[in-house]
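# A structural walkthrough
For reference, the chains in residue letters:
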Amino acid sequence: MSDTTKQTATPNKVDAVVVGAGFAGLYMLHLLRDKLNLNVATMEAADAVGGVWYWNRYPGARCDIASHHYSYSFSKELQQEWQWPEKFPAQPDILLYLEHVADRFDLKRDIQFNTRVETAVFDEEDQRWIVTTEKGETYSAKYFIPATGVLSDVNIPPIKGQDSFKGEILVTGRWPKDGVDFTGKRVGIIGTGATAVQAIPVIAEEAAHLTVFQRTPYFAVPLQNEVMTEAEDQKIKASYDQLRKDARDSFAGVTLCEPRPSALADSPEERKAHYESCYKEGSFNLWLGSYEDLLFDQEANETAAEFIREKIRERVTDREIAEMLCPREGVSYGTKRQPCETGYFEAYNRDNVTLVDIHKSPIEEITPEGLRTTDEIYELDYLIYATGFDAFTGSLFKMNVTGRNGLTLKEHWSDGPRTYLGLSMTGFPNLFNITGPQSPSAFYNFPLGIETHCDWIADCISYMNENGLATIDADPAAEEAWLAHTVELADASLFPQASSWYMGANIPGKPRVFMVYLGGGKAYQEAIDREAADKYPSYTFVRGDTEQMRVGTWALSS
Ligand SMILES: Cc1cc2nc3c(=O)[nH]c(=O)nc-3n(C[C@H](O)[C@H](O)[C@H](O)COP(=O)(O)OP(=O)(O)OC[C@H]3O[C@@H](n4cnc5c(N)ncnc54)[C@H](O)[C@@H]3O)c2cc1C
């Protein structure tokens, strides 16, 4: 149990505290303030909106979901007026879009930038959350809504000697606002996951030399990005209603190829032709749109894995390097997040790119001049950490969240996350998660998943305020049952076998549990809709004095 937090004089009393100003925080603020007429304080650690797209400005940063899917659907006017320049949006365009959304809905006036939330403690006496910022300000809020992001807490593995480096260390998830000029420079990059796969071909074109330190090769597949033509833009805008409906009815919140039932049921020729067409479609089509048994049956999976290995061998001219880039036989395809690439494998055909296998020759230390592995010394001007995130739990734990009876979230989740519907945790009343663990989260198009959660939360808050309810808390049995359900779904798949960030495996000491609900977007939507339609039977409400609350009158379901 933790000590209760430091508290400053008189807390600012608000209806809700929202933390974060990415896709989730912006929409949550809009709903609570403009639809429910609540008094909302929103805190953001950065000096501007954007979340992931504010922090991840590394060269080549881009979304792997098509722009017309990876955007808000709540405003038809917004959908019609915004013009995406490319089929898959680049980081600067998504940031512009979120800036536009913040201005269009006048959100910035209620966001405190440069403000990091340090603690959030549930006060049993007042039945309210006491939220403290690093500046020492304190807020008392009925509702506490972290919109702190699944991939926002960067993972910087400690490497011996890193403070001695005379060059500059860069972190992809905290990229300098003014960019970095690599012209004529010797650059090293640690990591070859989804971020590095985007950055490597772009940096290779600029740097004098790029050394890639690879521990694990990935099954990366072409994104197939294109310029968005005027005709394509008009076509999308004319069919947005259907497009969104199809996306919401799909597994991953984005329309992909229709998967065939079994990779093993097709002949090798049929299978190859089908894989080829999915590969040409790009994005997540091969991963989530090729065969239904791909992520459940090892033998089926191996057919796709070998198809991608063959593509790598075709694209990389040096046979030894090609083999270094191929995940070994027996390593499943897609049980780690599938990187989408543009010219990634061809980057290794360049004279100024070196691939180093740090699984075979581990990094020993960073020196003032560069990096030393067990085999060699690499002199560098820049060293880039593309080493991912403490996903799902990192940013929540960093807020030192403490619920009823002094129980911290870290303690509650000591064996891995446990939630009801991915939205609530027993003993943490009036706290709502957005796209957190045990929701479709990282297996769903985020902006739509965020809207689904924010709509549900706003609806629930509206219900509580209309009915004079002080607190809502998930029943322990409901939390237990949801945990068991999510584990059962994951265990039927190949995912738990992989050492992935979905499993917490990239962070030493983190419990190894699969953190995503795998039942698909539609089944999930039905589950949360049922809970709301039945008036929240798996929750306990406490009635209370709501005098100080302005009562919201707007219900999404009405
Ligand atoms: C490089 C990259 C590529 C991605 N590509 C895709 C993709 O192709 N498709 C897809 O669907 N998703 C993708 N994602 C996932 C992405 O996380 C979501 O799409 C989405 O942007 C999440 O929005 P969010 O508002 O929930 O969180 P975020 O965008 O992470 O925003 C959270 C905000 O909370 C702030 N914050 C955190 N802790 C605190 C605190 N204690 N106090 C104050 N502020 C705090 C952070 O500064 C941040 O601004 C990608 C993520 C990354 C990193």
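Residues numbered from 1 in each chain as written. Predicted model: local features only at pLDDT ≥ 70, side-chain atom pairs only at ≥ 80, totals over all residues. Heavy atoms only, no water.

### Structural notes on the overall build of the chain
Counting its regular elements, the chain contains 17 helices and 19 strands. For the chain, whose C-alpha radius of gyration is 24 Å, the value lies close to the compact-globule estimate of 24 Å for 558 residues. Dimensions of the chain, computed from C-alpha atoms along their principal axes, come out at roughly 70 × 55 × 45 Å. When each of the 558 residues of the chain is scored for burial, the buried share is 59%. The contacts of the chain with a sequence gap of at least 6 include a subset with a gap of at least 24, amounting to 73%. Here the chain has roughly 22800 Å² of accessible surface; of this, 49% comes from carbon and sulfur atoms. (Helix = DSSP H or I, 4+ residues; strand = E, 2+ residues; numbered from the N terminus. Rg over C-alpha atoms; globule rule 2.2 N^0.38 Å. Buried < 20%, exposed > 50% of the residue type's maximum accessible area, 1.4 Å probe, protein only. Contact = heavy atoms within 4.5 Å. Areas by Shrake-Rupley, 256 points an atom, 1.4 Å probe, with all protein chains shown as cover.)

### A few points about the side chain of S262
Relative to the helices and strands, S262 is located in the loop between α7 (240-249) and α8 (268-281). A polar contact is formed between the side chain of S262 and the side chain of D293, at a distance of 2.7 Å. Other than its neighbours up to four places away in sequence, S262 contacts Y291 and D293. (Polar contact = N/O pair within 3.5 Å; in protein donor to acceptor, adjacent residues only side chain to side chain.)

### Re the site of the ligand
The full set close to the ligand counts 33 residues, and A24, E44, V52, D64 and Y70 are the nearest of them. The contact in question runs from an oxygen atom of the ligand to an N or O atom on the backbone of A24, over 2.9 Å. A distance of 3.5 Å separates an oxygen atom of the ligand from a polar atom in the side chain of W53. Bound to the protein, the ligand loses 96% of the 990 Å² it would expose on its own. Sorting the residues of the shell around the ligand by element identifies α1 (23-35), α2 (52-55) and α15 (446-466) as the ones contributing at least two each. (Near = heavy atom within 4 Å.)

### A look at the confidence of the model for the chain
Atomic detail in the predicted coordinates should be set aside for any region of low pLDDT. The share of residues in the chain with pLDDT of 70 or more is 96%, and the mean pLDDT across the chain is 95. Here residues 1-7 is a poorly scored stretch, pLDDT under 50, and it has 16 contacts once near neighbours within four places are set aside; other chains count. The low-confidence segment residues 546-558 (pLDDT under 50) makes 35 contacts with residues lying over four places distant or belonging to another chain. (pLDDT = per-residue confidence, 0-100.)

### What to know about the pairing of strand β1 (residues 12-19)
Counting buried residues along β1, six of its eight residues qualify, which places the element largely inside the surrounding structure. By the bridge criterion, seven bridges tie β1 to strand β6 (residues 138-146) in an arrangement that is parallel. Pairing of V17 across the sheet is with F144, part of β6. Note that β1 and strand β2 (residues 40-43) share four bridges and pair parallel. Its bridge partner being in β2, V18 is matched across the sheet by T42. Taken together, β1, α1 and β2 form a β-α-β motif whose crossover is right-handed. (Pairing = 2+ DSSP bridges. Right-handed = clockwise from strand over helix to strand, strands pointing away.)

### Regarding the nonpolar core
Counting 136 residues, the largest nonpolar core has M28, L32, F182, Y333 and W456 as the members making the most contacts within it. Look past the residues within four positions of F182 in its chain and what remains in contact with it is P59, L170, W175, V187, I203, E206, A207, A208, Y382 and I384. Judged by nonpolar contacts, the second largest core, of 21 residues, contains V17, W129, M399 and M425. (Core = buried A, V, L, I, M, F, W, Y, C linked by side-chain atoms within 4.5 Å.)

### Some remarks on the sheet that holds strand β8 (residues 186-190)
Taken in spatial order, the five strands make up an open sheet running β7-β16-β8-β9-β12, and their pairing is parallel. Each edge of the open sheet is held by one strand with a lone partner, namely β7 (168-171) and β12 (353-357). Recorded for the sheet is a direction-independent mean angle of 20 degrees between the axes of neighbouring strands. Two strands pair when backbone bridges link them, and β7 and strand β16 (residues 382-385) are joined in this way by four bridges, in the parallel orientation. Pairing of E168 across the sheet is with Y382, part of β16. (Axes fitted to C-alpha atoms, helices over the stretch in contact; angles between N-to-C directions.)

### Some points on unusual backbone geometry
Where the residue is not glycine, phi is negative for most of them; where a peptide bond is considered, it is trans in most cases. With a phi angle near 50 degrees, S283 is a residue other than glycine that sits in the positive phi range. Structurally, the position occupied by S283 is in the loop between α8 and α9 (285-289). Among the residues examined, S283 registers a relative accessible area of 7% and is labelled buried.

### Let's talk about empty space enclosed by the protein
The rolling of a water-molecule-sized probe over the atoms marks out the regions of remaining empty space. All chains considered together, the criterion is met by four cavities of 30 Å³ or more. By volume, the largest cavity is sized at about 90 Å³. In this structure, the largest cavity is lined by 13 residues; those nearest its centre are P440, S441, Y444, G449 and Y524. Elements that contribute at least two residues to the lining of the largest cavity include exactly α15 and α17 (521-533). With four residues, α15 is the largest single contributor of residues to the lining of the largest cavity. Its residues assigned to classes, the lining of the largest cavity comprises four nonpolar, nine polar and no charged. (1 Å grid on protein atoms, 1.4 Å probe; cavity = no way out; pocket = protein on both sides within 12 Å on 5 of 7 lines; lining within 4 Å. Points joined across faces, edges and corners; volume = space filled by probe spheres on them. Nonpolar A, V, L, I, M, F, W, Y, C, P; charged D, E, K, R; others polar.)

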